Amino acid sequence: METLTIAYATDENYAKLVWCSLKSLLENNANFFTVKAYIISDNLSNSSKDKLSNLISSYNGKICFIEFDSIAYGLDNACTFQNGKTSYARLFLAQIVKENKILYLDCDTLINHSLCDLWNTDLEGYYIAGVKDIIAPQLKQDIQLLPTDIYINAGILLINIQEWKKNKIESQFIAYIKKMNGKISCHDQGIINHVCKNKIKTIKEIFELKDYYNDIEIKEAISHPHILHFTAGWHIRVWYSNSKHPYAYLFKKYYNLSPWKKTPLPLGHLTLKIKVLRNIFKILPFSIYLKILRIKRERAK
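In this text the structure is predicted, and so the values were computed from the model without any measurement.

Calculation notes
Residues numbered from 1 in each chain as written. Predicted model: local features only at pLDDT ≥ 70, side-chain atom pairs only at ≥ 80, totals over all residues. Heavy atoms only, no water. Helix = DSSP H or I, 4+ residues; strand = E, 2+ residues; numbered from the N terminus. Buried < 20%, exposed > 50% of the residue type's maximum accessible area, 1.4 Å probe, protein only. Contact = heavy atoms within 4.5 Å. Areas by Shrake-Rupley, 256 points an atom, 1.4 Å probe, with all protein chains shown as cover. Core = buried A, V, L, I, M, F, W, Y, C linked by side-chain atoms within 4.5 Å. Axes fitted to C-alpha atoms, helices over the stretch in contact; angles between N-to-C directions. Parallel < 35°, antiparallel > 145°, perpendicular 65-115°, else oblique. Nonpolar A, V, L, I, M, F, W, Y, C, P; charged D, E, K, R; others polar. Salt bridge = Lys/Arg side-chain N within 4 Å of Asp/Glu carboxyl O. Expected span 1.5 Å × (residues − 1). Arc of directions from axis to C-beta. Pairing = 2+ DSSP bridges. Right-handed = clockwise from strand over helix to strand, strands pointing away.

1. A word on the overall build of the protein chain
Scanning the protein chain from N- to C-terminus turns up 13 helices and nine strands. Split into buried and exposed, the 301 residues of the protein chain put 52% on the buried side. Once local pairs closer than 6 in sequence are excluded, the contacts in the protein chain between residues at least 24 apart make up 73%. Approximately 14,600 Å² of the protein chain is accessible, and the part contributed by carbon and sulfur atoms is 52%.

2. Here we look at the nonpolar core
If you look at the biggest cluster of nonpolar residues, it comprises 46 residues, and the most contacted ones within it are I6, L25, L103 and F251. Per-element accounting of this core gives the leading share, eight residues, to helix α1 (residues 15-27). Residues within four places of L25 in sequence aside, it is in contact with L4, I6, Y8, V35, L105, I111 and L115.

3. Describing the packing of α1 against helix α11 (residues 248-255)
For the pair α1 and α11, the least separation of the axes is 9 Å and the interaxial angle reads 95°. Taken together, the axis directions place α1 and α11 in an arrangement best described as roughly perpendicular. Here K16, L17, W19, C20, K23, S24 and E27 of α1 come into contact with α11, specifically with F251, Y254 and Y255. Residue composition of the contact of α1 with α11, grouped by class: six nonpolar, one polar and three charged.

4. Some details on the pattern of salt bridges
Taken as a whole and judged by the stated rule, the model has seven salt bridges. A salt bridge links K23 to E27; the nearest nitrogen and oxygen atoms lie 3.7 Å apart. Of this pair, K23 and E27 both sit in helix α1, four residues apart, which is roughly one turn of that helix. Its relative accessible area of 14% is what places K23 among the buried residues.

5. Some words on helix α9 (residues 187-195)
The buried count for α9 comes to eight of nine residues, which makes it a mostly enclosed element. Within α9, the full set of buried residues consists of H187, D188, Q189, G190, I191, I192, N193 and V195. Buried residues along α9 sit against β6 (128-132), β7 (152-160), α8 (169-179) and β8 (200-202).

6. Observations concerning helix α2 (residues 46-57)
Taking 1.5 Å of rise per residue, the twelve residues of α2 would be expected to cover 16 Å, and the 16 Å separating its terminal C-alpha atoms lies within 8% of that figure. Turning to α2, its buried residues number three or more, namely S48, K49, L52, S53, L55 and I56. Buried residues of α2 fall within an arc of 160° about the axis and therefore sit on the same side. Facing away from the buried side of α2 by more than 90 degrees, the exposed set consists of N46 and N54. On its buried face, α2 is in contact with α1, β2 (34-42) and β3 (62-67).

7. Things to note about the side chain of D149
Within the secondary structure, D149 is located in the loop between α6 (137-142) and β7. The exposure class assigned to D149 is buried, which follows from its relative accessible area of 13%. Contact partners of D149, with chain neighbours within four places excluded, come to K140, K197 and N198.

8. Let's talk about the packing of α1 against α2
At a minimum axis separation of 10 Å, α1 and α2 run at an interaxial angle of 5°. Taken as axis vectors, α1 and α2 run roughly parallel relative to one another. In this structure, α1 uses A15, V18, W19, L22, K23 and L26 to contact α2, whose residues at the interface are S48, K51, L52, L55 and I56. Residues belonging to the contact of α1 with α2 are distributed by class as follows: eight nonpolar, one polar and two charged.

9. Thoughts on the sheet that holds β6
Read across the open sheet, the seven strands follow the order β3-β2-β1-β4-β7-β6-β8; overall the sheet is mixed. Either end of the sheet is taken by a strand with one partner, and the two such strands are β3 and β8. With strand direction ignored, the average angle separating the axes of adjacent strands in the sheet is 25°. Bridge count between strand β4 (residues 101-105) and β7: five bridges; the pairing is antiparallel. Counterpart to L103 in the pairing with β7 is L158. Contacting β1 (3-11), β2 and β4, α1 crosses the sheet at an angle of about 165° to β1. Lying over the sheet, α2 contacts β2 and β3, oriented at roughly 155° with respect to β3.

10. So, the pairing of β1
Most of β1 is tucked away: eight of the nine residues are buried. In this structure, β1 lies alongside β2, joined through nine bridges in parallel fashion. Residue pairing in the sheet places A7 in a bridge with Y38 of β2. With α1 bridging β1 and the parallel β2, this β-α-β connection has right-handed handedness. Bridge count between β1 and β4: two bridges; the pairing is parallel. Across the sheet, the residue bridging to A7 is Y104, located in β4.

This is the structure:
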């Protein structure tokens, strides 16, 4: 039996989401000998660290906290996503990870199945494996990719740490940020897809259920998704009390087991733009909707 090695990056605002994601992972992965978690912390409180430590200890797992500022560099001009630069943490994993590979997970994920098959993905000849993402051709062009090049979502990444160290991938990340003066489409995700070009392996969509893909892929993923990734989409995010996402119940199940269970979830809302796009999606054929979405993303660049 193997050790499953994982990583999250979080600040205090998302600590409860990490707890829920980690809980779901531990519940569904008893087939591993143990789980070791690296938590890259952006000023995470001692209280939240204790809550995460107690959780993984109860499953005989191991946890290691690393401060983001102690490993990050070269980000002075980097564009930030939402409120901070914590999402860039995944670029620096080779500094801290002793194992040959690691599974990086965004905070807004839930694990709904054993990750044994994903963990055993053959990475020989690849720097990274992930689930393909939808993106406008112009955004690919912005990071010097061809329309036919593989492009993956950075929320769930199986990383070949051995190859990252051997090929000094971290240095290549920082060099690319400097070359682009920090202005890179989709931030760290764009950096990863550019630097790892031709060394990216795609994994099946069943590992990550999102709000798009073609009808056949969606049906396969919906039947029993291994990982739920609650990216921004048509639904209010699941950590809001009024979310109508079809898997909101699953998040609430884990939240109600968490040390934060007595804290009511806040109300969320969707922007008018998202509401309009959602209605278009319901009415038009998927191919036409996809063209509209690509135009929207190009204009939002």
